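Chains, contacts and geometry: an overview
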Amino acid sequence: MESPILLDIHAHAGPLLDVLFRFSHALGSLETTATLVLVAAMVHALRGERREAIAWLTVGIVTAVSIELLKGLVGRPRPQLWPRRVTQGGTSFPSGHAAYATVWVAASLMFMRRMHLVGAALVIAAVVLALAIGGSRIYL
């Protein structure tokens, strides 16, 4: 069912899109998102904002654990319609990258309350980033 859509997207593949989607793929990885969560938790802890620091750690842990549990339950294999542009193990659904992209949106929302107009720009940037991370899952 999704094969024609994936093949149509792949027909537009090129070096520039390869670089852009590999970058967004890296940003949506567990390693990068875990770093974001730890840095955000540390910033809040250093500011004496214990609740926010705990919230960050909770969001990070719950997201990572729930994705792994759901992947184990669903176990949908990744489609293989062309040679992959990145090495990716595991199953395709639910998408860990898509879930981790929401953490980036959460980061922008948490910092928005302190930054006002700059915060709104961060939210827009985070949403664009989340869409790019999601798009990378299809493209790569």
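Located above this text is the structure these notes cover.
From a predicted model like this one, the values you see are computed outputs, not experimental measurements.

We now examine the overall build of the protein. The helix and strand tally for the protein stands at 6 helices and 0 strands. In the protein, the succession of α and β elements from N to C terminus is α-α-α-α-α-α. Every one of the 140 residues in the protein was classed for burial, and the buried ones make up 36%. Counting contacts in the protein only where the partners sit at least 6 residues apart, residues at least 24 apart contribute 68% of the total.

With that settled, the discussion passes to the packing of helix H3 (residues 30-46) against helix H4 (residues 50-74). Two elements in contact, H3 and H4, have axes separated by 7 Å at closest approach and are oriented at 165°. The pairing of H3 with H4 is recorded here as roughly antiparallel in orientation. Where H3 crosses over H4, the handedness of that crossing is left-handed. Across from Leu30, Val37, Leu38, Ala40, Ala41, His44 and Ala45 in H3, the residues of H4 making contact are Glu52, Ala53, Trp56, Leu57, Gly60 and Ala64.

Along the chain, Thr33 turns up in helix H3. Sequence-distant contacts of Thr33, defined by excluding residues within four places in its chain, comprise Leu27, Gly28, Tyr100, Val103 and Trp104.

Along the chain, Thr63 falls in helix H4. Exposure remark for Thr63: the relative accessible area of 15% places this residue in the buried category. Contact partners of Thr63, with chain neighbours within four places excluded, come to Ala99, Tyr100 and Val103.

A word on a nonpolar patch on the surface. Taken together, the side chains of Leu38, Leu57, Ile61, Val65 and Leu69 make up a nonpolar region of the molecular surface, amounting to roughly 470 Å² of accessible area. With 4 residues, the single largest contributor to the nonpolar patch is H4. Mapped onto the secondary structure, Val65 falls in helix H4.

For the rest of this paragraph, the subject is the environment of Ala64. Inspection of the secondary structure puts Ala64 in helix H4. For the pair Ala64 and Thr33, spaced 31 residues apart in sequence, the C-alpha separation works out to 9.6 Å.

Conventions we followed
- Each chain carries its own residue numbering, running from 1 in the direction its sequence is written.
- Side-chain atom pairs in this predicted model are given and counted only at pLDDT of 80 or more, local residue features only at pLDDT of at least 70, and totals for whole chains, interfaces and linings cover all residues.
- For the side-chain quantities, the full set of heavy atoms in the structure was used; hydrogens and water were omitted.
- Per the convention used, a helix needs a DSSP run of H or I reaching at least four residues, while a strand needs a run of E reaching at least two, with both numbered from the N terminus.
- Only protein chains enter the accessibility calculation, which uses a 1.4 Å probe. A residue is then buried if its area is under 20% of the maximum for its type, exposed if over 50%, and partly exposed in between.
- Contacts are assigned to residue pairs that have any heavy atoms within 4.5 Å of one another.
- Convention adopted: a line fitted to C-alpha atoms gives each axis, helices being fitted over their contacting stretch, and angles between N-to-C directions are expressed from 0 to 180 degrees.
- By definition in this entry, angles of less than 35 degrees are roughly parallel, angles greater than 145 are roughly antiparallel, angles of 65 to 115 are roughly perpendicular, and the rest are oblique.
- Here a crossing is taken to be left-handed if its near helix is turned anticlockwise relative to the far helix by less than a right angle, and right-handed if that turn runs clockwise.
- A residue counts toward a patch only above 30% relative accessible area and without a salt bridge, and it is joined to like-charged neighbours within 9 Å or, for Val, Leu, Ile, Met, Phe, Trp and Tyr, to nonpolar neighbours within 5 Å.
- Note on areas: Shrake-Rupley, 1.4 Å probe, and residue coverage restricted to the protein chains presented here.
- One side-chain nitrogen of Lys or Arg within 4 Å of one carboxyl oxygen of Asp or Glu is enough to make a salt bridge.

Coordinates in, geometry out; function isn't part of it.
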